[in-house]
Amino acid sequence: MTKISTNLYSPSQAPRLTERELLNIFPEAKAVIPEKLKEREETEKEIKGVIRHNLKIVRNRVKDEFSRWFWREVVKMEIADEVLENNRQTQRLKRLFLFSKGKLPSPKMLTQEKIEQARLSPILEIAQSFLKLRKQGKNHTALCPFHQEKHPSFFIYPDSNSFYCFGCAKGGDVIKFVELYFEYSFKKAVEYLTRR
């Protein structure tokens, strides 16, 4: 009787594979990529339609300028995460499509390797350059750079290379910190971190 190995990786211990390696392991995915790319493009059209519809309602039903501004911001907040996630997935599929055709992405194109390299940048080192941090146990705290406050509610967690503000509820990894702090796009934040 053959013994089955129980030495499986937990998700946090599993080795990270590049997109190129994944395509080599699963070559059948090459045939599915163009179809998935079309689906993402359709999703983008649907999202844009929802945004246009909601903004039209705001424009036609809301009379004063402050309320219009408020409802436009609500529309952005409700749909922003979906738009960003769809864009990230579309970009990933485009990179996979290039790899599947044997083409190398341009140096300006984000690759999974670049993103992972950026994610490994120590958030504490970066935040110290811009914020007055105070050590609190194994974490660090400061006044939040994203909203006005008198008492520190912004925390840096070096162990997980992340941050969170208990005042404005903004948080994420080192890439998100750079995005928010400099008002950069995801791509520009990754480029900033990989150039350091």
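Below, the structure is looked at part by part. Numbering of residues begins from 1 in every chain and follows the order in which that chain's sequence is written. The model is predicted, so local features are restricted to residues of pLDDT at least 70 and side-chain atom pairs to those at 80 or more, both for listing and for counting; the totals for chains, interfaces and linings are taken over all residues. Side-chain numbers come from the whole structure's heavy atoms, not from hydrogens or water.

**What to know about the packing of aromatic side chains**
The test is simple: Between the rings of Phe, Tyr and Trp (Trp by its six-membered ring), a pair exists once the centres lie within 6.5 Å; its type follows the angle of the planes, with under 30 degrees stacked, over 60 edge-to-face, and the other angles tilted. Helix and strand definitions here come from DSSP, where helices need a minimum of 4 consecutive H or I residues and strands a minimum of 2 consecutive E residues; each element is numbered from the N-terminal end. Note on exposure labels: buried denotes an accessible area under 20% of the residue type's maximum, exposed denotes more than 50%, and partly exposed covers the range between, all computed with a 1.4 Å probe on protein chains only.
Applying the stated rule across the entire model yields 18 aromatic pairs. Each ring, one from Phe130 and one from Phe182, has its centre 5.2 Å from the other, and the planes form 85°; the classification is edge-to-face. Within this pair, whereas Phe130 is found in the loop between helix H5 (123-128) and strand E1 (134-136), its partner Phe182 is found in helix H6 (residues 174-182), the two being separated by 52 residues in sequence. Taking the relative accessible area as the measure of exposure, Phe182 reaches 26% and is therefore partly exposed. A network of ring pairs unites the aromatic residues Phe130, Phe146, Phe154, Phe163, Phe177, Tyr181, Phe182, Tyr184 and Tyr192 as a single cluster.

**Points about the layout of surface pockets**
If a probe the size of a water molecule is rolled over the atoms, the empty space left behind becomes visible. To keep it simple, the criterion reads: Using protein atoms alone on a 1 Å grid, points that fit a 1.4 Å probe yet trap it form a cavity, whereas open point sets bounded by protein on both sides within 12 Å along at least five of seven lines form a pocket; residues with an atom within 4 Å of a point count as lining. Grid points are joined across faces, edges and corners, and a volume is the space filled by probe spheres set on the points.
Taken as a whole, the largest pocket encloses approximately 580 Å³ of empty space. Every residue lining the largest pocket is counted, 23 residues in all, and those nearest its centre are Leu84, Arg88, Ile115, Arg119 and Phe186. Mapped onto the lining of the largest pocket, the elements with two or more residues apiece are helix H3 (65-100), helix H4 (112-119), strand E5 (171-173), H6 and helix H7 (186-195). Considering every element that reaches the lining of the largest pocket, the biggest residue donor is H3, with nine residues.

**What about H4?**
Condition: The arc in question is the one traced by the directions running from the helix axis out to the C-beta atoms. For this analysis, residues touch if any pair of their heavy atoms sits within 4.5 Å.
Buried within H4 we find Gln112, Ile115, Glu116 and Ala118. The buried residues of H4 occupy an angular sector of 160° when the element is viewed end-on, so they sit on one face. Next to the buried residues of H4 lie helix H1 (19-25), H3, H6 and H7.

**Things to note about the nonpolar core**
The condition is simple: Definition used in this section: a nonpolar core is a set of buried Ala, Val, Leu, Ile, Met, Phe, Trp, Tyr and Cys residues joined via side-chain atoms within 4.5 Å.
The biggest cluster of nonpolar side chains holds 24 residues, and the ones touching the most others in it are Phe154, Ile175, Phe177 and Leu193. Those elements that provide at least two residues to this core are H4, H5, strand E3 (154-157), strand E4 (162-165), H6 and H7. The element that contributes the greatest number of residues to this core is H7, accounting for five residues. Dropping the residues within four chain positions of it, Leu193 is found in contact with Ala118, Ser121, Ile126, Val174, Ile175 and Val178.

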